[in-house]
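# Examination of the molecular architecture
The residues making up each chain are set out below.
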Amino acid sequence: MQAWIATAQDVRRAEVPEPTLKGGGVLVEVLAAHLPAYTRAVVRGNRGGLPVPLVLGPSCVGRVLDVAPDVFHVEPGDLVLNTALLDAGGGDEILVGWVGLGGSGAGSARTDRMRSVWRDGVFAEKALCAKETLVKLPGAETYPEPARLAFLPWLCVAATGLHAAGAVAGRDVAVIGATGQLGGAAVLTALAEGAATVTAVGRNEDALGRLAKLDPRVRTHRLTGDRATDAAGIGPVDVAVDTLGAAPSAEATMAAYDSLRVRGTLVLVGGVREELPVPYGDLMHRRLTLRGSWMSDERTVTTAWHLVRSGVLDLSAIELLTAGLDDPAAALDLAERTTGLGFVALVP
Ligand SMILES: NC(=O)c1ccc[n+]([C@@H]2O[C@H](COP(=O)([O-])OP(=O)(O)OC[C@H]3O[C@@H](n4cnc5c(N)ncnc54)[C@H](OP(=O)(O)O)[C@@H]3O)[C@@H](O)[C@H]2O)c1
């Protein structure tokens, strides 16, 4: 079969043997996989170490072909979402086929073992997935455009971040980095879940304009780089979700912190590479909550899927671009140029 094999500095298409079933495993036909905008940075080693060589790819929508005898929650023919997250407990977590380790992020002998047993991801025609990474999508067989469902993993990550602040219905929510794919997913989810207002915050004016057209509840704020000005433009809000990419400054995140109402919550979901200067007394007196959120869980996947299935969250708001496995370099270029309310789905 065809697959994308990542080596130390590169990703190539290669002909590889089809995976064979093993204990705890599910053989999946990959229908569509989200190609994150920053995949090139991942391949170049700028986002942490990959256990190379491996089949790259963190998450997909697929059809179950076969299951190991110890797998009971899915069966051949089911449509499933692969979340990539394999959690051994105690902070030992890996993303199969991708960068990122849970807990302190440093990894352990146990995560090394996990990565050697469950190494390969989903940018391939077929994938052998650890059963824990799969959640069934009841009714997805009749969804008209399965490639569009490749955006579900980002919706699930965004929904998990939002839910870390409690229910958003009737509350004012801000999404920092709303012009990115995770941010776009957070805006769509907050709207679907009944936020009173959603303030979309980012640099890219065109992307902010597209978000504003989604719903009258969307407000926008274009980041100025000045913390006080940005805080005044963002808030006051009850919930701020930070979905920024690898920004080299914490100013926008701290502007979101400043914009919170008393008892507000700031959730960190993005990839900012800076320390946050959070003042002890201010956090205490304003009774703020600071939460982190990583990936998603089965319950949130099911919720996000039901929002989509019911039409409450309409994925037609997203621009879908597709690429095959044949030319990884061209697909990575396309993904890098595609962000905001657009994404690239790899369709093997
Ligand atoms: N916690 C989790 O579970 C989880 C899961 C998946 C991904 N992530 C992280 O989420 C981050 C975003 O992912 P994505 O798919 O949304 O990426 P993306 O589509 O590339 O979006 C990146 C966003 O960050 C903004 N940005 C980048 N550099 C900036 C800077 N210097 N100042 C201000 N804004 C800046 C971009 O703004 P412009 O539009 O103005 O360029 C855009 O809004 C990634 O870093 C990823 O590692 C976290």
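Residues numbered from 1 in each chain as written. Predicted model: local features only at pLDDT ≥ 70, side-chain atom pairs only at ≥ 80, totals over all residues. Heavy atoms only, no water.

## A look at the side chain of D92
- Looking at where D92 falls in the secondary structure, it is placed in the loop between β7 (85-87) and β8 (93-95).
- A relative accessible area of 14% places D92 in the buried class.
- Within the local environment of D92, its side chain forms a polar contact with the side chain of R110, the two groups lying 2.7 Å apart.
- Ignoring anything within four residues of it in the chain, the contact list for D92 reads L86, D87, S108, R110, T111 and M114. (Helix = DSSP H or I, 4+ residues; strand = E, 2+ residues; numbered from the N terminus. Buried < 20%, exposed > 50% of the residue type's maximum accessible area, 1.4 Å probe, protein only. Polar contact = N/O pair within 3.5 Å; in protein donor to acceptor, adjacent residues only side chain to side chain. Contact = heavy atoms within 4.5 Å.)

## A few points about the site of the ligand
- In the vicinity of the ligand lie 25 residues, with T179, L182, V269, M295 and T339 positioned nearest.
- At 2.7 Å, a backbone N or O of V269 approaches a nitrogen atom of the ligand.
- In this structure, M295 approaches the ligand through a main-chain N or O atom, which is 2.5 Å from an oxygen atom.
- For the shell around the ligand, the secondary structure elements donating two or more residues are α3 (152-163) and α4 (181-192).
- When grouped by side-chain class, the residues that make up the shell around the ligand number 12 nonpolar, 11 polar and two charged.
- Counting contributing residues per domain, the shell around the ligand is built from domain 1 (2-154 + 296-346) and domain 2 (165-292), each supplying no fewer than three. (Near = heavy atom within 4 Å. Nonpolar A, V, L, I, M, F, W, Y, C, P; charged D, E, K, R; others polar. Domains from an automatic or database assignment.)

## A look at the sheet that holds strand β16 (residues 289-292)
- Overall, parallel pairing links the six strands, which are arranged β13-β12-β11-β14-β15-β16 in an open sheet. The strands lining the two open edges of the sheet, one partner per strand, are β13 (218-222) and β16. Within the sheet, the average angular offset between the axes of one strand and its neighbour, ignoring direction, is 20°.
- Across five bridges, the pairing between strand β11 (residues 172-176) and strand β12 (residues 197-202) is parallel. Counted as the bridge partner of A174 is T199 from β12. (Pairing = 2+ DSSP bridges. Axes fitted to C-alpha atoms, helices over the stretch in contact; angles between N-to-C directions.)

Note that all results are geometric; they support no functional claim without further evidence.
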